[in-house]
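Fold and geometry: a report
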Number of protein chains: 2
Amino acid sequence: MHNLEVGRSATISDVARRAGVSTATVSRVISGSTTVRATTRAGVLAAVEALGYRPSGVARSLKLRTTHTLGLVVTDIANPYFPQIVRAVEDAALERGHTVLLCDSADDPSREETYLDLLIDRRVDGIVIASSGLQARHGDWLATRTVPVVLVNCTARGAALPAILSDNRAGGRLAAEHVLDLGHRRIGHISAPPRNAAAGDRVAGIQDAVDSGRYPGVELTVVEGDGQAEGAEAATLALLERAPGVTAILCYNDLTAVGALRTLRGLGRRVPEDVSVVGYDDIPLAAWMEPPITSVAQQTSAMGRWAVERLLERMAGEDEPGSDRRQLGERSENVVLLPVELCVRGSTGPPPWA
Amino acid sequence: MHNLEVGRSATISDVARRAGVSTATVSRVISGSTTVRATTRAGVLAAVEALGYRPSGVARSLKLRTTHTLGLVVTDIANPYFPQIVRAVEDAALERGHTVLLCDSADDPSREETYLDLLIDRRVDGIVIASSGLQARHGDWLATRTVPVVLVNCTARGAALPAILSDNRAGGRLAAEHVLDLGHRRIGHISAPPRNAAAGDRVAGIQDAVDSGRYPGVELTVVEGDGQAEGAEAATLALLERAPGVTAILCYNDLTAVGALRTLRGLGRRVPEDVSVVGYDDIPLAAWMEPPITSVAQQTSAMGRWAVERLLERMAGEDEPGSDRRQLGERSENVVLLPVELCVRGSTGPPPWA
DNA sequence: CTGAAAGCGCTAACAA
DNA sequence: TTGTTAGCGCTTTCAG
């Protein structure tokens, strides 16, 4: 009797031997090919069952030149914004039989680079990058690779990579108009480091609202935070020092808003009676705070799903003949802009004098 | 001139051809073997550079029978407790040159099963399972596989899989003693569904404190929540109905505490003046709430790190001869219990009459 | 110091 | 309907 070595998992040859057929036949049974006699099939299946055989994805990948694996690079999994994207990407990937190699760059560009190399080495079928601050050189480098890449809520300067973005500029404008409509005129903004592309767009949107001419006499003060609750506390203090009269603070994200809320409370300023606060991202946390935070919601899961679909579609496309279109300038359909929505909650209200 | 096909990445043969050597030599250079003449090495390196060659991890995995990939199964990535584990596991894995296949079972047992199969197929080197409710059948099944598995904060009834657990019973006791010491006597507990093993242990710990004899006249009421903020609202209402006089609520986790806080506030009950609330997990969120939530902290990152180390150590061990010890009953060193710590914050205080 | 050759586990012509 | 064979891209004896 032919025993398996201990610790080794069964191979297709083991199954073939046991079933008394060739490996080709086993392969046919596994892949569900119809050109197999029923009795043969049954025999193979019995052997598969008996041996607990599961085909090696590694061998299959080598042969088929596809790993059914997607790489997902995120800036910081600990930031509640990202798990939503991860979930969406994974859902979409799993539906199509793909798994996800998660790469949490932990806000470290060099780690991000390491991961990108690793993903290439692992021959993933595609890469989704949801990084708040993709380095320009990464973009250039990525554009030279053969693996399809799509960007989620970030852009690579220069390199024309397909991307799905949320309309950050509109989001900034929406937030600003909301407090301006409420009557606020001295407003502050706590932004994020400039390597974060979204930050700039949101500031631009806020500026759009200020410059629209619809709100005379607006004073806008911008300070830089770090997108974290802790960092936002110092930023809030700095803002209040530079512009003691602000009655509304627009925050780069919800975590920043949390920090602002805490700081304001510590200073004895009531929200929203004394100061209104607006967040961004509408993570679950926003609704849980006291007061619940008014926030700009992005279509996070749509973004993740779109990214995966785009990737798989692109992979399929590359099989087609004469598919050298990668060399052509990518067209504008490659960038999708998703609308945002303002969720008004308890952290905003009219200014004290209104 | 020998051109590469478009869209295909360079292989070791491409490099060999270009450098005018055999693939064996290229392989030696890549692996840093010293037995290569300097000039030859230089030539190979030049070819590697020119072609942008990166060795295929897939082919290497097939040959070397190791993928340098770990599977990580989590119950719900959207639950803020898990990203911390993910981060820790990934950190430890990356340090040792491994990548992580993330599997978010999204609280769906059948999806978890699908993922486990997928991980086996992908021939991951090991699997870390951080699932709140591992099914018994999964455990049995896992025990039959050759791939090393370690459990984080969960156990598989029957199957003797190595596990790292946080001392949930001690945590429950700690939380209970805290409010009992403050003078509370009518206390409530919002637990989690029984498939969650930790939930039972925490209840037991609370019961330990109650039964210790140190606190006479304690009344404990337990209701079941779902570990989510939303579900906790109904559970809090149910608790208050069954035991209107409770002055302290111990929660299964911080998310549950958030829900309790909101509900109490809605009812006009002040925290901690009227009712004290204790959370569990000490996720960042706990400190951000108003009032900040007193919570039991687990050593999350230590758990993730330990899991990976255990896995890799086990993988190394399997190469050794006569390593049939898997058949022997696993010994108790296979289960590690990590201590917990109580973080006292503003959500707990003496009962109203004290 | 270097090359030839075998083989990891699988699939896909091509024959039979 | 089934088997034979040739690789996928790499590493690793074993010769030279």
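Residues numbered from 1 in each chain as written. Chains lettered and ligands numbered in written order. Predicted model: local features only at pLDDT ≥ 70, side-chain atom pairs only at ≥ 80, totals over all residues. Heavy atoms only, no water.

This brings us to the protein's contact with DNA strand D. Contacts to DNA strand D come from 25 residues, most closely from Arg28(A), Thr40(A), Arg65(A), Ile12(B) and Tyr53(B). Across the atoms of DNA strand D situated within 4 Å of the protein, the share located in sugar and phosphate is 60%. Side-chain polar atom of Arg28(A) to a base oxygen of DNA strand D: 2.3 Å apart, as the coordinates give it. Between DNA strand D and Arg65(A) there is a distance of 2.4 Å, counted from a phosphate oxygen to a side-chain nitrogen or oxygen. Contributions of two or more residues to the surface near DNA strand D are made by α2 (23–30) and α4 (57–64) of chain A together with α2 (23–30) and α4 (57–64) of chain B. If you tally residues by element for the surface near DNA strand D, the top one is α4(B), at 4 residues. Considered class by class, the residues forming the surface near DNA strand D number 10 nonpolar, 7 polar and 8 charged. (Near = heavy atom within 4 Å. Polar contact = N/O pair within 3.5 Å; in protein donor to acceptor, adjacent residues only side chain to side chain. Helix = DSSP H or I, 4+ residues; strand = E, 2+ residues; numbered from the N terminus. Nonpolar A, V, L, I, M, F, W, Y, C, P; charged D, E, K, R; others polar.)

It is worth spelling out the interface of chain B and chain A at this point. Chain B puts 60 residues into the contact, and the matching count from chain A is 60 residues. When the two sides are added together, the surface that chain B and chain A hide from each other amounts to roughly 5100 Å², 56% of it contributed by carbon and sulfur. There are 12 salt bridges connecting chain B and chain A. The partner of Asp121(A) in a salt bridge is Arg54(B), with the nearest N and O atoms 3.4 Å apart. For the pair chain B and chain A, the number of links is 32 residue pairs in polar contact (both at pLDDT 80 or more). Within the residue set of the side of chain B that touches chain A, elements represented by two or more residues are α4, α5 (81–95), β2 (99–104), α6 (109–121), α10 (229–242), α11 (254–266) and α12 (284–288) of chain B. Broken down by element, the residue count for the side of chain B that touches chain A peaks at 7 residues, all from α6(B). Grouping the amino acids of the side of chain B that touches chain A by side-chain chemistry returns 27 nonpolar, 14 polar and 19 charged. Where strand β2 (residues 99–104) of chain A meets β2(B), 3 bridges bridge the pair, whose relative direction is antiparallel. Note on β2(B): the bridge partner recorded for Val100(A) is Leu102(B). (Contact = heavy atoms within 4.5 Å. Buried area = accessible area lost by both parts, 1.4 Å probe. Salt bridge = Lys/Arg side-chain N within 4 Å of Asp/Glu carboxyl O. Pairing = 2+ DSSP bridges.)

Quick look at the packing of helix α6 (residues 109–121) of chain A against α5(B) now. Their axes nearest at 13 Å, the elements α6(A) and α5(B) cross at an angle of 70 degrees. Compared by their axis directions, α6(A) and α5(B) come out roughly perpendicular. Considering how the two elements wind past one another, α6(A) and α5(B) form a crossing that is left-handed. In this structure, α6(A) uses Arg111(A), Thr114(A), Tyr115(A) and Leu118(A) to contact α5(B), whose residues at the interface are Glu90(B), Asp91(B) and Leu94(B). The residue makeup of the contact of α6(A) with α5(B), split by class, is 3 nonpolar, 1 polar and 3 charged. (Axes fitted to C-alpha atoms, helices over the stretch in contact; angles between N-to-C directions. Parallel < 35°, antiparallel > 145°, perpendicular 65-115°, else oblique. Left-handed = near helix turned anticlockwise from the far one by under 90°.)

So, on to the domain arrangement of chain A. Residue and element names in this part refer to chain A. Domain assignment breaks chain A into domain 1 (12–55), domain 2 (69–161 + 301–333) and domain 3 (168–299). Inter-centroid distance (C-alpha atoms) of domain 2 to domain 3 is 30 Å. Approximately 1000 Å² of surface area, both sides summed, lies buried where domain 2 meets domain 3, with 44% of it carried by carbon and sulfur atoms. The tally of links from domain 2 across to domain 3 stands at 1 salt bridge. Linking domain 2 with domain 3 are 5 residue pairs in polar contact (both at pLDDT 80 or more), by the criterion used here. Secondary-structure elements contributing two or more residues to the side of domain 2 that touches domain 3 are α5 (81–95) and α13 (300–318). If one sorts the elements of the side of domain 2 that touches domain 3 by residue count, α13 sits on top with 3 residues. Taken together, the residues of the side of domain 2 that touches domain 3 sort by class into 4 nonpolar, 7 polar and 2 charged. (Domains from an automatic or database assignment.)

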